[in-house]
Amino acid sequence: MLTKKGKYGLKALVHLSRLPAGQLAFVGDIARANNIPKKFLDAILAELRNAGFVQSRKGKEGGYRLARSPSEIKVGHIVRVLDGPLAPIPCASRTRYEPCDDCDEATCQVRHMMLEVRHAIAEVLDNRSLAEMRDTTNDDLDLPQLQQA
Amino acid sequence: MTGAPRRTIAIVGGGASGVILAAHLMKVSGGNVRASVIERDPRIGRGIAYSTELPEHRLNVAASRMSAFTEDPSHLLSWFRNKYPEARDEPGRFLQRREYGQYLADVFAAAAASASGSGGLVHIKAECASIVQVPGGLELRLSNGTSLASQIAILATGHDPGPHPDRGFASAGASVPPIDCDRRVVILGSGLSMIDAWLTLQARGHRGEIVAVSRRGLLPLPHGEHRNPIKLDRADIPFGTELSYFVRWFSDLIDEREAAGGDWRDVIDGIRPFNQQIWRDWPISAKRRFLSHAKAWWDVHRHRIAPDVHARAHEAIADGKLRLIAGKVSDIADRGNRTADLVVRLRRSGDRIALQDVSVLDCTGIIRDPATGSNPLISSLITAGMARTDPLRIGLDVTPDCAIVNFRGEPSDRLFAIGPLTRGTFFEIDAVPEIREQCQRLAVGLVG
């Protein structure tokens, strides 16, 4: 599941992707515009900087900007950094695997289906760039129509 | 479909990648392809890798993983049992490279036999000097004065063995020029090619000191007893991150594995199916950093050698017959006839040491800028604008479908490349397990 951390991080990156290339944004401005607690956003942006998605500059003229073009950054790559392996349930991850204490994996049909869901999540998120996410029509009603077309 | 137009395909280079591609083309084409492999060496399938006749030169990958066909993993072992019924054959065995060269020659012969009467597969014993565009296709001009018309050409020229432009000594590896047995030999590089050259000198009974010089002085590490790759899913891997972040994740994975009683090899082997995607998704800054800072470490862990060869090398070091120096050659005074005076700046102390009047073998590795390489065909294609180097200058710029990209950035629908030439796009494309998959995808894409 996408945590709040993942959601806020994606929102902040969409915010940065709307700026002219190279322009920096203050954390406070990003936080206010997207309704994110500033302290939390500080921590999120620091992680995104460590992973190489954003760059920061200190001081009065400081702030954050994208480290590369939003068309080169895949949404799935951001989510893995913020939320860990793309797994809908901990037992569906290999590196961050945690067994459930209340079921037997060998016979668990739920886990089996969640492995398929994991694959589907990666299929969607690894094939969408930050630029595409930014430019998507923001209307839920469009989705089923798009798929039928 | 019957009556479909027959396609003509020329493969330039008859080493491992050219032969494996030819076999896949014949397999998927249903008789609708006429393929020619242009290879000067009368012994097809040998290339640089499998030309050696020395039994000490063995594969660095176990036979169970070296079949020419991904979907038929036991193909090589069945061939081996058939060919050498008297040989003891344990799975996981590291075959002699000349045996593998023979296997490739037989794979080619079988593909040609299966295609005779329909499309056809032939070996043209010549070198391709240039390729020009003509109406309806390509014309390949050959060293024997003839030319070949083809709708499609695929470059499979492999590693460039020519002299490195900065050093001027022809690359050595398994094949080493004659050297007086008592001379001191300096081998530049300490990787797989150095091991090959050292084995050749050993087999000739070389008595002089052998010194290997490389920036970090790292020897390839040995394979483990059993291959036990960890299971990974692409959902787990932090694609698209900067190198430092990725390296931290990867080191943690190794630490966890070792803490659980496993081996670092399990992690290196477990990540291998994802190496091409990791490379593709890295930003160019991460690729650059990897090549300059991490590749030497990666290579000794990823490109391992048979355990007994590793043990022999360590024994030779202990006996003082092989000396390993971590340092950088800061000066070369060429004395002609592959001999030189060298100055080496040591990595740790920064001291300079002189190695006077030594025979030099260049085993510094196989990654070259193709624009300044020794292959006239590649440089002529770049000069003509039909090809260009990739942004890192380690291969030709190709699409994920292996189409060669021209100077304007447009992919060709006639000119393709496979194997090490496509390193800039795929990176993990030196060894048969990846090359056979690339060949299969390209064959299906072209004629399937």
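Residues numbered from 1 in each chain as written. Chains lettered and ligands numbered in written order. Predicted model: local features only at pLDDT ≥ 70, side-chain atom pairs only at ≥ 80, totals over all residues. Heavy atoms only, no water.

Bringing the overall build of chain B into the picture now. Broken down by element type, chain B carries twelve helices and 14 strands. Computed over its C-alpha atoms, the radius of gyration of chain B comes to 22 Å, within 12% of the 22 Å expected for a compact globule of 448 residues. By its C-alpha atoms, chain B is 70 × 55 × 55 Å across when sized along the principal axes. For chain B, the residues scored as buried account for 53% of the 448 residues in total. (Helix = DSSP H or I, 4+ residues; strand = E, 2+ residues; numbered from the N terminus. Rg over C-alpha atoms; globule rule 2.2 N^0.38 Å. Buried < 20%, exposed > 50% of the residue type's maximum accessible area, 1.4 Å probe, protein only.)

Residue and element names in this part refer to chain B. Here the structure, examined in full by the defined rule, presents 16 aromatic pairs over all chains. Measuring from ring centre to ring centre gives 6.1 Å for Trp279 and Trp282, while their planes differ by 65 degrees; the resulting arrangement is edge-to-face. Take Trp279: its relative accessible area is 1%, and that puts it in the buried class. An aromatic cluster is built from Phe246, Trp249, Phe250, Trp279, Trp282, Phe290, Trp298 and Phe427, whose rings are joined through pairwise contacts. Above the plane of the ring of Phe69 lies Lys27, whose end atom (NZ or CZ) is 4.0 Å from the centre. (Phe/Tyr/Trp six-rings, centres within 6.5 Å; stacked < 30°, edge-to-face > 60°. Lys NZ or Arg CZ within 6 Å of the ring centre and 35° of its normal.)

This paragraph deals with the domain arrangement of chain A. Residues and elements named next belong to chain A. In terms of domains, chain A is made up of domain 1 (4–66) and domain 2 (75–138). The interface of domain 1 with domain 2 comprises 14 residues on the first partner and ten residues on the second. Of the roughly 1,100 Å² buried at the junction of domain 1 and domain 2 (both faces included), carbon and sulfur atoms supply 79%. When the buried area of domain 1 at its contact with domain 2 is split by residue, Leu10, Ser17 and Phe53 rank highest and sum to 39% of it. On the surface where domain 1 and domain 2 come into contact, there are two residue pairs in polar contact (both at pLDDT 80 or more). Among the elements of the structure, helix H1 (4–17) and helix H3 (38–50) are those that each provide at least two residues to the side of domain 1 that touches domain 2. For the side of domain 1 that touches domain 2, a count of residues per class yields eight nonpolar, three polar and three charged. (Domains from an automatic or database assignment. Contact = heavy atoms within 4.5 Å. Buried area = accessible area lost by both parts, 1.4 Å probe. Polar contact = N/O pair within 3.5 Å; in protein donor to acceptor, adjacent residues only side chain to side chain. Nonpolar A, V, L, I, M, F, W, Y, C, P; charged D, E, K, R; others polar.)

All right, on to the sheet that holds strand S5 (residues 137–142) of chain B then. All names here are of chain B. Taken together, three strands build an open sheet; the order of strands is S4-S5-S6 and the sheet is antiparallel. A single partner strand is all that each edge strand has here, and the edge strands are strand S4 (128–134) and strand S6 (147–150). Each strand of the sheet is rotated relative to its neighbour by a mean of 20 degrees, with strand direction disregarded. (Pairing = 2+ DSSP bridges. Axes fitted to C-alpha atoms, helices over the stretch in contact; angles between N-to-C directions.)

Next up on the list: the side chain of Thr200(B). Residue and element names in this part refer to chain B. Inspection of the secondary structure puts Thr200 in helix H4 (residues 192–203). Reaching out from Thr200, the side chain makes a polar contact with the side chain of His57 at a distance of 3.3 Å. Excluding residues that lie within four positions of it along the chain, Thr200 makes contacts with Leu54, His57, Gly173, Ala174 and Val176.

Attention now goes to a positive patch on the surface. Residues and elements named next belong to chain B. There is a patch of like positive charges on the surface, built from Arg215, Lys328, Arg345, Arg347, Arg348 and Arg352. Relative to the helices and strands, Lys328 resides in strand S10 (residues 322–336). Using a relative accessible area of 53% as the deciding quantity, one classes Lys328 as exposed. (Patch = residues over 30% accessible without salt bridge, like charges linked within 9 Å, V, L, I, M, F, W, Y side chains within 5 Å. Areas by Shrake-Rupley, 256 points an atom, 1.4 Å probe, with all protein chains shown as cover. Salt bridge = Lys/Arg side-chain N within 4 Å of Asp/Glu carboxyl O. Lys, Arg positive; Asp, Glu negative; His and termini not counted. Charge placed at Lys NZ, Arg CZ, Asp CG, Glu CD.)

With respect to the helices and strands, the residue Thr95(A) is situated in the loop between helix H4 (75–83) and helix H5 (109–125). The class for Thr95(A) is buried, based on a relative accessible area of 12%. A polar contact of 3.3 Å, which involves the side chain of Thr95(A), links it to the side chain of Asp236(B).

Where strands meet in a sheet, backbone hydrogen bonds hold them as pairs that are either parallel or antiparallel. Residues and elements named next belong to chain B. Strand order in the open sheet formed by six strands is S3-S2-S1-S7-S14-S13, and the pairing between neighbours is mixed. One side of each edge strand has no neighbouring strand; the edge strands of this open sheet are strand S3 (121–124) and strand S13 (403–405). Adjacent strand axes in the sheet meet at a mean angle of 35 degrees when their direction is disregarded. Bridging between strand S2 (residues 33–38) and S3 involves four bridges; their strand directions are parallel. Its bridge partner being in S3, Ile38 is matched across the sheet by Ile124. Relative to S3, helix H3 (residues 97–115) is tilted by about 130 degrees, and along the sheet it contacts S2 and S3. In the packing of helix H12 (residues 432–447) onto the sheet, contacts are made with strand S1 (7–12), S2, strand S7 (152–155) and strand S14 (411–417), and the angle to S1 comes to roughly 155 degrees.

Attention now goes to helix H1 (residues 16–29) of chain B. Residue and element names in this part refer to chain B. Its 14 residues give H1 an end-to-end C-alpha distance of 20 Å, which sits within 8% of 20 Å, the value for a rise of 1.5 Å per residue. Buried residues dominate H1, accounting for twelve of its 14 residues. Looking at H1, one finds that the buried residues are Ala16, Ser17, Gly18, Val19, Ile20, Leu21, Ala22, Ala23, His24, Leu25, Met26 and Ser29. Looking at the buried residues of H1, the elements they touch are S1, S2, H3, S3, S7 and H12. Backbone geometry just downstream of H1 places Gly30 in the positive-phi region, at approximately 60 degrees. (Expected span 1.5 Å × (residues − 1).)

Let us look at the packing of helix H5 (residues 243–259) of chain B against helix H6 (residues 264–271) of chain B. For any two helices packed against each other, the geometry comes down to the angle between their axes and how far apart the axes lie. Residues and elements named next belong to chain B. Following both chains from N to C, one finds H5 and H6 inclined at 130 degrees, their axes separated by 8 Å at the closest point. Between H5 and H6, the crossing angle belongs to the class labelled oblique. Viewed along their axes, H5 and H6 form a crossing whose handedness is right-handed. Of the residues in H6, those in contact with Phe246, Trp249, Phe250, Leu253, Ile254, Arg257 and Glu258 of H5 are Trp264, Asp266, Val267, Ile268 and Ile271. Looking at the contact of H5 with H6 residue by residue, the class counts come to nine nonpolar, no polar and three charged. (Parallel < 35°, antiparallel > 145°, perpendicular 65-115°, else oblique. Left-handed = near helix turned anticlockwise from the far one by under 90°.)

Where interface size is given, it is often the accessible area lost as the parts come together that is meant. With 19 residues of chain A in contact, the opposing surface of chain B contributes 19 residues. Taken over both partners, the interface formed by chain A and chain B buries close to 1,600 Å², and the fraction arising from carbon and sulfur atoms is 49%. A salt bridge links Asp126(A) to Arg234(B); the nearest nitrogen and oxygen atoms lie 3.9 Å apart. Inspection of the region where chain A meets chain B yields twelve residue pairs in polar contact (both at pLDDT 80 or more). Of all the secondary-structure elements, those providing two or more residues to the side of chain A that touches chain B are H4 and H5 of chain A.

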